[in-house]
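# Inside the fold
Here is what each chain is made of, one letter per residue.
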Amino acid sequence: MDERWAFGQPQGRAEWAWLQDAIFQLQRDGRAAVVTSRSLLVEQGTGSAIRQELVRQGAVEAVIGLRGIHAGNIELAIWILCRPGRAADPSSVLFVDGADSSDEASKPTDLSWISEAYHSWRTGTDTSAIEALAVVPILDLLAPGTALDPARWTTPAPDPESLELNVINKLDNVNTARDAFMAMPDPPSMAPTYLTTEALKVTVEQLRIAEHLQVWRRPSTDTTTAGRTTDGNELVTPDNLDIVIERSTKRRSPVAPQDSWSTRPGDLLVYARRERLHTKVVWVAGLSPSPAIQVIRVLPKYLDARYVGACLESRWNRKFLKGRPTLRPKLDEFEIPLLPIAEQVEIGQRLTEGDQLQIMTAQVASALAELNSSLTDALTSGVLSLDASK
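Below you will find a few notes about this structure.

### A few points about the packing of aromatic side chains
The final tally for this structure, using the stated rule, is three aromatic pairs. Taking 6.0 Å as the distance between ring centres and 80° as the angle between the ring planes, the aromatic pair formed by W16 and W79 counts as edge-to-face. One end of the pair, W16, is in helix α1 (residues 15–24); the other, W79, is in strand β3 (residues 76–81), and 63 residues separate them in sequence. Neither W16 nor W79 differs from the other in exposure class; each is buried. Positioned over the ring face of W153 is R152, at 4.0 Å from the centre of the ring. One residue, K201, lies across the ring of W316, its end atom 5.1 Å from the ring centre.

### Notes on the side chain of D222
Take D222: it is sitting in the loop between β7 (213–217) and β8 (235–236). Using a relative accessible area of 14% as the deciding quantity, one classes D222 as buried. Within polar-contact distance, the side chain of D222 engages the side chain of R218 at 2.4 Å.

### Let's talk about the environment of A49
Position of A49 relative to the elements: it lies in helix α2 (residues 46–56). Taking the C-alpha atoms as reference points, A49 and L142, separated by 93 residues in sequence, lie 10.0 Å from one another.

### A look at the sheet that holds strand β9 (residues 267–273)
Ordered in space as β7-β12-β9-β10, the four strands form an open sheet in which the pairing is antiparallel. Of all strands in the sheet, those bounded by a partner on one side alone are β7 and β10 (276–282). Recorded for the sheet is a direction-independent mean angle of 25° between the axes of neighbouring strands. As paired strands, β9 and strand β12 (residues 294–298) are joined by three bridges and run antiparallel to one another. Its bridge partner being in β12, L269 is matched across the sheet by V295. The strands that helix α7 (residues 241–249) touches are β9 and β10; relative to β10, the one it contacts most, it runs at about 5°.

### Observations regarding the side chain of R38
Checked against the element boundaries, R38 lands in the loop between β1 (32–37) and α2. Here R38 falls in the buried class, since its relative accessible area comes to 6%. Look past the residues within four positions of R38 in its chain and what remains in contact with it is G65, L66, E75, L76, A77, D97, A99, D149, P150 and A151.

### Looking at the pattern of salt bridges
This model, assessed by the stated rule, comprises 21 salt bridges. Between D332 and R208 there is a salt bridge; the shortest N-O distance is 3.3 Å. Here R208 lies in helix α6 (residues 204–209) and D332 lies in the loop between α8 (305–313) and β13 (335–338), a separation of 124 residues in the sequence. You can call R208 partly exposed: its relative accessible area is 31%. Between D239 and R273 there is a salt bridge, and its shortest N-O distance comes to 2.7 Å. Separated by 34 residues along the polypeptide, D239 in the loop between β8 and α7 and R273 in strand β9 bring together distant segments of the chain. The exposure class assigned to D239 is exposed, which follows from its relative accessible area of 65%. On the basis of relative accessibility, which here comes to 26%, the residue R273 falls in the partly exposed class. Ionic contacts of the salt-bridge type, sharing partners, join the residues R38, E75, D97 and D149 into one network.

Conventions and cut-offs
Note that residues are indexed from 1 along each chain, following the sequence as it is written. Local features are withheld for residues below a pLDDT of 70 in this predicted model, meaning they are given only at 70 or higher, and side-chain atom pairs are given and counted only at 80 or more; totals for whole chains, interfaces and linings count all residues. Computation of side-chain values covers all heavy atoms of the structure but excludes hydrogens and water. Ring pairs are drawn from Phe, Tyr and Trp, using the six-membered ring of Trp, whenever the two centres fall within 6.5 Å, and their geometry is named by plane angle: stacked under 30 degrees, edge-to-face over 60, tilted for the rest. Numbering of helices and strands runs from the N terminus; a helix is a DSSP stretch of H or I covering at least four residues, while a strand is a stretch of E covering at least two. To sort residues, take the accessible area from a 1.4 Å probe on protein chains only and compare it with the maximum for the residue type: under 20% means buried, over 50% means exposed, and anything in between is partly exposed. Think of it as a cone above the ring: NZ of Lys or CZ of Arg counts as a charge over the ring if it is within 6 Å of the ring centre and within 35 degrees of the ring normal. By the criterion applied in these results, polar contacts are pairs of N or O atoms within 3.5 Å in which, for protein atoms, one can donate a hydrogen and the other can accept it, and in which residues neighboring in sequence qualify only through two side-chain atoms. Paired strands, in this sense, are two strands between which DSSP finds at least two bridges. Angular values range over 0 to 180 degrees, each being the angle between N-to-C directions of two axes fitted as lines to C-alpha atoms, with helices fitted over their stretch in contact. Should any heavy atoms of two residues lie within 4.5 Å, those residues are counted as being in contact. Any carboxyl oxygen of Asp or Glu within 4 Å of a side-chain nitrogen of Lys or Arg constitutes a salt bridge here.

Honestly, that's just the spatial picture; any functional story needs more than this.
Quick look at the structure:
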């Protein structure tokens, strides 16, 4: 047997071999910092047995969890390894959760505080004030299958009072969502009161030539690597679209179009994601769509933007995405049934009502799920109990 595999024969994932090889190469008091995917900390099977043996023999001094910093947003882990029994504290393991940050603006690449926390712990400095840090006895980590994810060990147990208040708040949220749902008008009938039995299907290109709509996309040359236009305006992308619209809607004074590529109220934004086309009618002026979003501006006399968006998203039109780059689909071939404008408007209104009903239903379901989670936490901690007499 290869003497490097003192903690178990590595099978499957190569990381288990790299971890053991790093330890094998160390000098007596050396340290190795090995970066792996965070999933290695919770893996079961053969890997779990090797992980347990690394801990049991005292070869794991610290485990640091990191927020996703690559393009794939894969969360990482840093293993601080040593020769068995040569850790700063041979009876425990240090856990630091570098992904635990309530400040969304903080940069995941700023790791200085983690380095300072690790060195403070090694030198015996008090680290109790650091919430995302925990020192766990090795005996608590030896049960088969025990995960080494720092979030598991650094998350503090909530106090009983906060658990009880959380249940009350979640119950209030459920009641609020339920009352809002019940206050809605009767669920809409999704079948319009009148429909043309047959409609001429026309392409977006034909509608554009007839000047019933315009289609454009901001050129890449009008953008910067900082996510802004060359004039300094924030670019709207598929990822931040809803956030930017909500923020813009809250402004009391309307925003004038900032350039020829900016939106006007009633514009239809079109973008592709996960091999599907998505559309959204915006009623905010002055947004600056990125090159990933196409803008359609309809002539209200002939077309309803909500109706056009629904047609573009339909399964019928998905065939035009086949074999084409989905990030920037060519819309010219997409087909739209040309109905009278009154029928388009009615269909658009019904679809909007259906969207609102779906949102309200989701809010009730989400509130109930959060309440169930809070009740479970409170019951598990003993804060609440069931009254068997009722």
